Amino acid sequence: VPIYVILFLEPTVYRSIFAASVFAIAALTDLLDGHLARQRGQVTKVGRLLDPVADKFLIISGLILLVQFQRIEAWLAIAFIVRELGITGLRAVAAAKGVIIDAGKHGKYKVVLQVIGIIILTLQGAVAFPFINIHLLGTGLLYLALMFSIISASQYLWEFWQARVNKNILE
């Protein structure tokens, strides 16, 4: 995250390309780490909680910088950040009561769309593709991610509610 931020704070052509590359590598290593942990049976409760937090640091950093350079609207970044903080808090409350709410498929789709959208918008102005509006593509992917964000947040809330009713986790 710090390397991405340092590179993208002054978005020249080369710095934007390097920043997008660092962001992509960070996202891919996170994906690989999770896959290897599941494959090797090394999934832990701590890992299930901390891994999404690391994802959020990366995504939130990207969103804030995209707002700073006017590549996305502030409300879009705020919507994502508020959702992330709320759901992370919800999962933490559940975990404190021994209930682990795992990431669902819609949340994973959201993250993939966010990562691709942020990478594309980080590259805006640094690369050009014929017949493709980079800004429109990246922003469109983030709007699609927002849709999945709402769906997955609803699912987390439902799972939390079910756990609350079944296990009295808020008592």
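Note: the structure precedes this text.
Residues numbered from 1 in each chain as written. Predicted model: local features only at pLDDT ≥ 70, side-chain atom pairs only at ≥ 80, totals over all residues. Heavy atoms only, no water.

Attention now goes to the overall build of the protein chain. A tally of helices and strands in the protein chain yields six helices and zero strands. Put simply, the protein chain runs from its N terminus to its C terminus through helices and strands in the order α-α-α-α-α-α. Here the C-alpha atoms of the protein chain give a radius of gyration of 17 Å, agreeing with the 16 Å that 2.2 N^0.38 yields for 171 residues. C-alpha extents for the protein chain along the principal axes are approximately 55 × 35 × 25 Å. By the burial criterion, 38% of the 171 residues in the protein chain qualify as buried. Taking all contacts inside the protein chain whose residues are at least 6 apart in sequence as the whole, residues at least 24 apart take part in 74%. Entry remark: accessible area of the protein chain is about 9,900 Å², with carbon and sulfur atoms responsible for 69%. Each charge class in the protein chain can be summarised by its mean position, and for the 15 positive and 10 negative side chains these summaries are 5 Å apart. (Helix = DSSP H or I, 4+ residues; strand = E, 2+ residues; numbered from the N terminus. Rg over C-alpha atoms; globule rule 2.2 N^0.38 Å. Buried < 20%, exposed > 50% of the residue type's maximum accessible area, 1.4 Å probe, protein only. Contact = heavy atoms within 4.5 Å. Areas by Shrake-Rupley, 256 points an atom, 1.4 Å probe, with all protein chains shown as cover. Lys, Arg positive; Asp, Glu negative; His and termini not counted. Charge placed at Lys NZ, Arg CZ, Asp CG, Glu CD.)

By size, the foremost hydrophobic cluster in this structure holds 29 residues, and its most contacted members are Y4, F23, L63, I72, F80, I118 and L142. Sorting the residues of this core by element identifies α1 (2–8), α2 (13–39), α3 (45–68), α4 (74–96), α5 (105–123) and α6 (134–167) as the ones contributing at least two each. When residues in this core are grouped by element, the largest group, seven residues, is from α5. When residues no more than four places from it in sequence are discounted, the contact partners of F80 are L63, Q114, L142, A145, L146 and S149. Ranked by size, the runner-up nonpolar core spans nine residues in total, among them L90, V99, I101 and F160. (Core = buried A, V, L, I, M, F, W, Y, C linked by side-chain atoms within 4.5 Å.)

This part is about the pattern of salt bridges. According to the stated counting rule, one finds three salt bridges in the structure shown. Put simply, E84 and R83 hold a salt bridge, and the shortest N to O gap is 3.2 Å. With respect to class, E84 is no different from R83; both count as buried. The salt bridge involving E84 is made with K110; its shortest N-O contact spans 2.6 Å. With E84 in helix α4 and K110 in helix α5, the pair connects residues that are 26 residues apart, well separated along the chain. Residues E84 and K110 agree in their burial class; the two are buried. Ionic contacts of the salt-bridge type, sharing partners, join the residues K56, R83, E84 and K110 into one network. (Salt bridge = Lys/Arg side-chain N within 4 Å of Asp/Glu carboxyl O.)

Time to look at the packing of aromatic side chains. According to the stated counting rule, one finds five aromatic pairs in the structure shown. When the ring of F8 is compared with that of F69, the centres are 5.3 Å apart and the planes differ by 70°; the resulting orientation is edge-to-face. Of this pair, F8 sits in helix α1 while F69 sits in the loop between α3 and α4, placing them 61 residues apart in sequence. Pairing Y109 with F148 gives two aromatic rings, centres 5.4 Å apart and planes at 75°, and the pair type is edge-to-face. One end of the pair, Y109, is in helix α5; the other, F148, is in helix α6, and 39 residues separate them in sequence. (Phe/Tyr/Trp six-rings, centres within 6.5 Å; stacked < 30°, edge-to-face > 60°.)

What follows concerns the environment of L146. Mapped onto the fold, L146 is located in helix α6. Exposure remark for L146: the relative accessible area of 14% places this residue in the buried category. Along the primary structure L146 and A24 are separated by 122 residues, whereas in three dimensions their C-alpha atoms are 20 Å apart. In this structure, L146 is in contact with W75, L76, A79 and F80, ignoring residues within four places of it in sequence.

This part is about the side chain of T122. Structurally, T122 can be placed in helix α5. Among the polar contacts listed, one links the side chain of T122 to the side chain of Y4, at a separation of 3.0 Å. If we ignore the near neighbours within four places in the chain, the residues touching T122 are Y4, F8, S16, A19, A20, L66 and R71. (Polar contact = N/O pair within 3.5 Å; in protein donor to acceptor, adjacent residues only side chain to side chain.)

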